[in-house]
Amino acid sequence: MSVITKEARRLRRRRRVRAKVSGTAERPRVSVFRSNRGISAQLVDDVAARTLASVNWTEPELRTLAPTPRATRAGELLAERAKAAGVATAVFDRGGYRYHGQVKAFAEGAREGGLAF
């Protein structure tokens with residue numbers, strides 16, 4: 001009997017989501033990664049296989065905040081960078097994580113910043 005780890009279950013969910021969600025130049029994919037210490041995300045054009053904008057919790061502006069406000073501010077920052085890259089709408093890829101807590105706060109922050117999902 002094999003034991004499936006928490007990470008393996010998340011990767012299985014992630015692959016299932018990625019089979020249905022794909023980003024283009026007009027509507028890139030917002031890929032979210034959450035670790036125990038923080039959150040990071042990037043706007044990905046899957047057709048050209050390139051990253052258009054990204055944000056990471058280790059940036060000086062985000063590092064001093066608590067986890068949920070940090071995720072909200074990271075979403076706002078990504079929305080600003082998306083606007084600078086000429087992107088108004090995107091597809092949200094939660095990366096196999098539940099839409100809850102930091103992931104939800106990130107998505108709401110990006111919407112407040114002007115990025116439409």
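Residues numbered from 1 in each chain as written. Predicted model: local features only at pLDDT ≥ 70, side-chain atom pairs only at ≥ 80, totals over all residues. Heavy atoms only, no water.

**Details of the packing of aromatic side chains**
Here's step 1: This structure, assessed with the given rule, holds three aromatic pairs.
Here's step 2: Ring geometry for Phe33 and Tyr97: centres 6.5 Å apart, planes at 70 degrees, overall edge-to-face. Highlighted residues: Phe33 in strand E1 (residues 29-34) and Tyr97 in the loop between strand E4 (91-93) and helix H4 (102-112), separated in sequence by 64 residues.
Here's step 3: On the basis of relative accessible area, Phe33 is assigned to the partly exposed category, the value being 43%.
Here's step 4: The exposure class assigned to Tyr97 is buried, which follows from its relative accessible area of 6%.
Here's step 5: Judged by centre distance (5.0 Å) and plane angle (50 degrees), the rings of Phe92 and Phe117 are tilted. With Phe92 in strand E4 and Phe117 in the segment after H4, this residue pair connects regions lying 25 residues apart in the sequence.
Here's step 6: Take Phe92: its relative accessible area is 17%, and that puts it in the buried class.
Here's step 7: Overall, Phe117 belongs to the partly exposed group, its relative accessible area being 27%. (Phe/Tyr/Trp six-rings, centres within 6.5 Å; stacked < 30°, edge-to-face > 60°. Helix = DSSP H or I, 4+ residues; strand = E, 2+ residues; numbered from the N terminus. Buried < 20%, exposed > 50% of the residue type's maximum accessible area, 1.4 Å probe, protein only.)

**Structural notes on the nonpolar core**
Here's step 1: Grouped together as the largest cluster of nonpolar side chains are 24 residues, with contacts concentrated most on Val30, Val32, Val55, Leu78, Phe106 and Leu115.
Here's step 2: Elements that contribute at least two residues to this core include exactly E1, strand E2 (39-45), strand E3 (50-56), helix H3 (67-84) and H4.
Here's step 3: Per-element accounting of this core gives the leading share, six residues, to H3.
Here's step 4: Here Val55 is in contact with Ser40, Ala41, Leu62, Ala74, Leu77, Leu78, Arg81 and Phe106, once residues within four sequence places are set aside. (Core = buried A, V, L, I, M, F, W, Y, C linked by side-chain atoms within 4.5 Å. Contact = heavy atoms within 4.5 Å.)

**Notes on the sheet that holds E4**
Here's step 1: The four strands lie next to each other as E3-E2-E1-E4, forming an open sheet whose pairing is mixed. In this open sheet, the two strands that pair with only one neighbour each are E3 and E4. This sheet shows a mean twist of 20 degrees between the axes of neighbouring strands, independent of strand direction.
Here's step 2: Note that E2 and E3 share six bridges and pair antiparallel. Bridge pairing in E3 links Val44 to Thr51. (Pairing = 2+ DSSP bridges. Axes fitted to C-alpha atoms, helices over the stretch in contact; angles between N-to-C directions.)

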